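Each chain is listed here by its residues.
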Amino acid sequence: MVARIADRDLDLALELAPGEVLAVLGPNGAGKSSLLQVIAGLLVPDEGHVRLGADTLTDTAKDIALAPHRRGISLLAQEPLLFPHLTVAENVAFGPRSRGNRRAKAVAAEWLRAVDATHLADRYPAALSGGQAQRVALARALAVDPHLLLLDEPMSALDVDVAPAMRSLLRRVLRDPAHPRCAVLVTHDIIDAITLADRLVIVESGRIV
């Protein structure tokens, strides 16, 4: 990925190896969220490109900018952002079903089991604790089998006694030997980086330092 955005004073270039988890640290306003937005397709740079494997997702020189839902990327943010009118199971099945997967219900059940949330399947988001909701959000992000997982401070809104369990869950999912995940983790917590990442970059004033 190479991205330059003049009005945000952003000039970043980075590569991610297959199966690698990259942690991105830096102060508020450094450009970490902009980095994720460019990768996810929520922000088009003035100049640059984003490639995922053999696929070009963004290329300003060729006027290519795939829509976010066509990129094969999932984003897990600070807030779970679950659909309030859907049950937990329906939330997780939403992505596969919208892609025409006839096994959407079974896929949702598989991922709820993977994140230890099977017992929450029939509840609505309003009845979940913060930690439970974030587990469900992780299951929903993974249910579409993304090529890349973007993690935007996924533990920052959790209570200190809940965050370690979520961190352990993320490590288990990302390090699954049968299906290792490629991920970019934005965090302020060095424990997240040490526990989850293979490599670390520091961003300051829109630059990797």
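Everything numeric here is computed off the predicted structure, so don't read it as measured data. (Residues numbered from 1 in each chain as written. Predicted model: local features only at pLDDT ≥ 70, side-chain atom pairs only at ≥ 80, totals over all residues. Heavy atoms only, no water.)

A. Here's a closer look at the layout of surface pockets. Quantified by volume, the largest pocket comes out at close to 700 Å³. Every residue lining the largest pocket is counted, 22 residues in all, and those nearest its centre are Ile73, Ser74, Leu75, Arg140 and Ala141. For the lining of the largest pocket, the elements supplying multiple residues, two or more each, are strand S7 (73-76), helix H2 (88-98) and helix H4 (130-142). Take the lining of the largest pocket: its biggest share by element is four residues, from S7. Its residues assigned to classes, the lining of the largest pocket comprises 15 nonpolar, four polar and three charged. Approximately 370 Å³ is the volume attributed to the second largest pocket. Around the second largest pocket sit 19 residues that line it, and Met1, Glu15, Leu16, Arg51 and Leu52 are the ones nearest its centre. When the residues that make up the lining of the second largest pocket are grouped by side-chain class, the tally is 14 nonpolar, three polar and two charged. (1 Å grid on protein atoms, 1.4 Å probe; cavity = no way out; pocket = protein on both sides within 12 Å on 5 of 7 lines; lining within 4 Å. Points joined across faces, edges and corners; volume = space filled by probe spheres on them. Helix = DSSP H or I, 4+ residues; strand = E, 2+ residues; numbered from the N terminus. Nonpolar A, V, L, I, M, F, W, Y, C, P; charged D, E, K, R; others polar.)

B. How the structure looks around the nonpolar core. One finds Val92, Leu138, Leu149, Leu151 and Met166 to be the most contacted residues of the largest nonpolar core, which totals 41 residues. Secondary-structure elements contributing two or more residues to this core are strand S3 (21-25), H2, helix H3 (104-114), H4, strand S8 (148-152), helix H5 (163-174), strand S9 (183-186) and helix H6 (190-196). Ignoring any residue separated from it by four or fewer positions in sequence, one finds Leu149 in contact with Ser74, Leu138, Ala141, Leu142, Leu174, Cys182, Ala183 and Val184. If you look at the next biggest cluster of nonpolar residues, it comprises 26 residues, including Ala3, Val38, Leu57 and Cys182. (Core = buried A, V, L, I, M, F, W, Y, C linked by side-chain atoms within 4.5 Å. Buried < 20%, exposed > 50% of the residue type's maximum accessible area, 1.4 Å probe, protein only. Contact = heavy atoms within 4.5 Å.)

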